[in-house]
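# Tertiary structure, described
Take a look at the letters that make up each chain.
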Amino acid sequence: MIKPVLAIHGGAGAIARAQTTPAVRQQYEDALRAILAGGERVLAQGGLALDAVTEAVRLLEECPLFNAGYGAVFTKTAEHELDAAIMDGRTRNCGSVANVRTVRNPILAARAVMEHSPHVFFVGQSAEAFAHEQGLERVEPSYFSTPARREQLASAQRSGSESIVLDHDAAAATAPLDERDKMGTVGAVAIDCHGNLAAATSTGGMTNKWPGRIGDSPIIGAGCYANNATCAVSTTGKGEAFIRAVAAYDVSAQMEYAGRSLQQATHDLIHNKLPAIDGAGGLIAIDAQGNVVMPFNTEGMYRGYIIQGDAPIVAIHR
Ligand code: ASP
């Protein structure tokens, strides 16, 4: 029997260590711990990795500190367009949605696509109509808005209308990572007691992004991938580079075709391949033996993991 493990991330980015008050840091760390505990409950009851990552990402979407679901960033036209993906390593079944504006929990819509449609990827109004048919909760687009995100958009637009900011862009002092340079996608990877792997990723994208722009997060193989034979991966970073690198699948492919370890494969991706194409960011990943890695090439990444029965480990900076 494998000891179940769950890992989560809440985005990578630059440090604002000096300006961060202990209280603010505590707020982020407490949120990460509570969300890990929520996901771990699923695994502790003998639940599937797939259910644990669904629950962890749903909780991250509900938390306004992170750029997914409630608290998502704004597009150039001051709207929210949300993307999410999920993959089951047992079967390599997967589901994604992109550009949704009214689905409260995009990750639940992605899971419904996987389980209740013959397809793997829906976008825009059709994705919303499908989620509605599936009985998922819908909200007014303004539900996702928070004053902090609105200020981030204003700030990005003040520095030039073409400034597309990796996630939240509030004052640097308001969060441990510099919100002007933070990628705030959320994600989870898990292995359950049966040795099944699963991955899930959800995002509001990037502040001041062009309407209709889709990043890596909902793209299977770029922002999310799971295969019981190799690993489960969820990424965060500059989506365009992660798509060009086919990032999440690259880790699995290195393991499968080159016999590399999870540690070697993710190190190569994050510290060699992505920097070569201006790919700032990081990832979380678990292999079939339950090893966890959380590499990033930015100053920090909100992250944490929990091995069933142990205390959760959370971190922000290096
Ligand atoms: N990868 C996300 C995107 O490009 C951004 C992020 O990680 O914050 O949409």
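Going by the structure above, here's the rest.
Everything numeric here is computed off the predicted structure, so don't read it as measured data. (Residues numbered from 1 in each chain as written. Predicted model: local features only at pLDDT ≥ 70, side-chain atom pairs only at ≥ 80, totals over all residues. Heavy atoms only, no water.)

## Side note on the nonpolar core
Of all hydrophobic cores here, the largest spans 52 residues; its most connected members are Leu6, Ile8, Tyr28, Val53, Phe66, Ile86 and Tyr302. Broken down by element, this core gets its largest block of residues, eight residues, from helix H1 (residues 22-44). Listed in part, the 36 residues of the second largest apolar core include Cys94, Cys224, Val233 and Leu283. (Core = buried A, V, L, I, M, F, W, Y, C linked by side-chain atoms within 4.5 Å. Buried < 20%, exposed > 50% of the residue type's maximum accessible area, 1.4 Å probe, protein only. Helix = DSSP H or I, 4+ residues; strand = E, 2+ residues; numbered from the N terminus.)

## Quick word on the pairing of strand S7 (residues 197-203)
Within S7, seven of the seven residues are buried, which leaves the element mostly enclosed by the surrounding structure. The pairing of strand S2 (residues 82-88) with S7 spans six bridges and is classified as antiparallel. Following the sheet pairing, alanine 84 is matched in S7 by serine 202. The sheet contact formed by strand S6 (residues 186-191) and S7 spans six bridges and is antiparallel. Within S7, the position partnered with glycine 187 by the bridge is threonine 201. Between the end of S6 and the start of S7, which pair antiparallel, lie five residues, with glycine 195 showing a positive phi angle near 85 degrees. (Pairing = 2+ DSSP bridges.)

## A few points about the pairing of S2
Counting buried positions along S2 yields seven of seven residues, so the element is predominantly enclosed. The alternating pattern of S2 places Leu82, Ala84, Ile86 and Asp88 on one face and Asp83, Ala85 and Met87 on the opposite face, and all of these are buried. Sheet analysis places S2 next to strand S3 (residues 93-100), joined by six bridges and oriented antiparallel. Along S3, the bridge assignment pairs isoleucine 86 with glycine 95. Counting the residues between successive antiparallel strands, the hairpin from S2 to S3 contains four residues, one of them, arginine 92, with a positive phi of roughly 60 degrees.

## Observations regarding the environment of arginine 213
Of note, arginine 213 is situated in the loop between S7 and strand S8 (224-226). Look at arginine 213 and you get buried, because its relative accessible area is 13%. A C-alpha to C-alpha distance of 20 Å links arginine 213 and glutamate 61, two positions 152 residues apart in sequence. When residues no more than four places from it in sequence are discounted, the contact partners of arginine 213 are Glu81, Asn99, Gly205, Met206, Gly239 and Glu240. (Contact = heavy atoms within 4.5 Å.)

## Some words on the environment of valine 120
Tracing the backbone shows valine 120 in the loop between helix H3 (106-116) and strand S4 (121-123). The exposure class assigned to valine 120 is partly exposed, which follows from its relative accessible area of 43%. In this structure, the C-alpha to C-alpha distance between valine 120 and serine 96, residues 24 residues apart in sequence, is 6.0 Å. Ignoring any residue separated from it by four or fewer positions in sequence, one finds valine 120 in contact with Cys94, Gly95, Ser96 and Val113.

## Some points on the pattern of salt bridges
Tallying each qualifying case throughout the model produces 18 salt bridges. Glutamate 62 serves as the salt-bridge partner of arginine 104, at 2.6 Å between the closest nitrogen and oxygen. Taken together, the positions of arginine 104 in the loop between S3 and H3 and glutamate 62 in helix H2 (residues 49-62) put the pair 42 residues apart, joining distant regions of the chain. Judged by relative accessible area, which is 21%, arginine 104 ranks as partly exposed. Assessed through its relative accessible area of 23%, glutamate 62 is described here as partly exposed. (Salt bridge = Lys/Arg side-chain N within 4 Å of Asp/Glu carboxyl O.)

## Some remarks on the sheet that holds S8
The strand order S8-S9-S10-S11 describes an open sheet built from four strands, whose pairing is antiparallel. The open sheet has two edge strands with one neighbour each: S8 and strand S11 (292-293). Where strand S9 (residues 231-237) meets strand S10 (residues 281-287), seven bridges bridge the pair, whose relative direction is antiparallel. Residue pairing for S10: valine 233 is matched across the bridge by alanine 285. Lying on the sheet, helix H7 (residues 247-258) is in contact with S8, S9 and S10; it crosses S9 at an angle near 145 degrees. (Axes fitted to C-alpha atoms, helices over the stretch in contact; angles between N-to-C directions.)

## A word on the site of the ligand
Within the structure, the ligand sits among 11 residues, and Gly184, Thr185, Arg213, Asp216 and Gly237 are positioned closest to it. One of the side-chain nitrogen or oxygen atoms of arginine 213 is found 2.7 Å away from an oxygen atom of the ligand. Contact between the ligand and aspartate 216: a nitrogen atom at 2.6 Å from a side-chain N or O atom of the residue. The class makeup of the residues in the shell around the ligand is one nonpolar, eight polar and two charged. (Near = heavy atom within 4 Å. Polar contact = N/O pair within 3.5 Å; in protein donor to acceptor, adjacent residues only side chain to side chain. Nonpolar A, V, L, I, M, F, W, Y, C, P; charged D, E, K, R; others polar.)

## Overview of the packing of aromatic side chains
Aromatic ring pairs are defined here through the distance separating the ring centres and the angle between the ring planes. Within this structure, the stated rule accounts for seven aromatic pairs. The interplanar angle of 85 degrees and the centroid separation of 6.0 Å between the aromatic rings of tyrosine 28 and phenylalanine 66 together place this pair among those described as edge-to-face. Highlighted residues: tyrosine 28 in helix H1 and phenylalanine 66 in the loop between H2 and S2, separated in sequence by 38 residues. Plain terms: the ring middles of tyrosine 28 and tyrosine 302 are 4.6 Å apart, the flat faces sit at 10 degrees to each other, and that makes the pair stacked. With tyrosine 28 in helix H1 and tyrosine 302 in strand S12 (residues 300-307), the pair connects residues that are 274 residues apart, well separated along the chain. Looking at tyrosine 302, the relative accessible area reads 0%, which means it is buried. (Phe/Tyr/Trp six-rings, centres within 6.5 Å; stacked < 30°, edge-to-face > 60°.)

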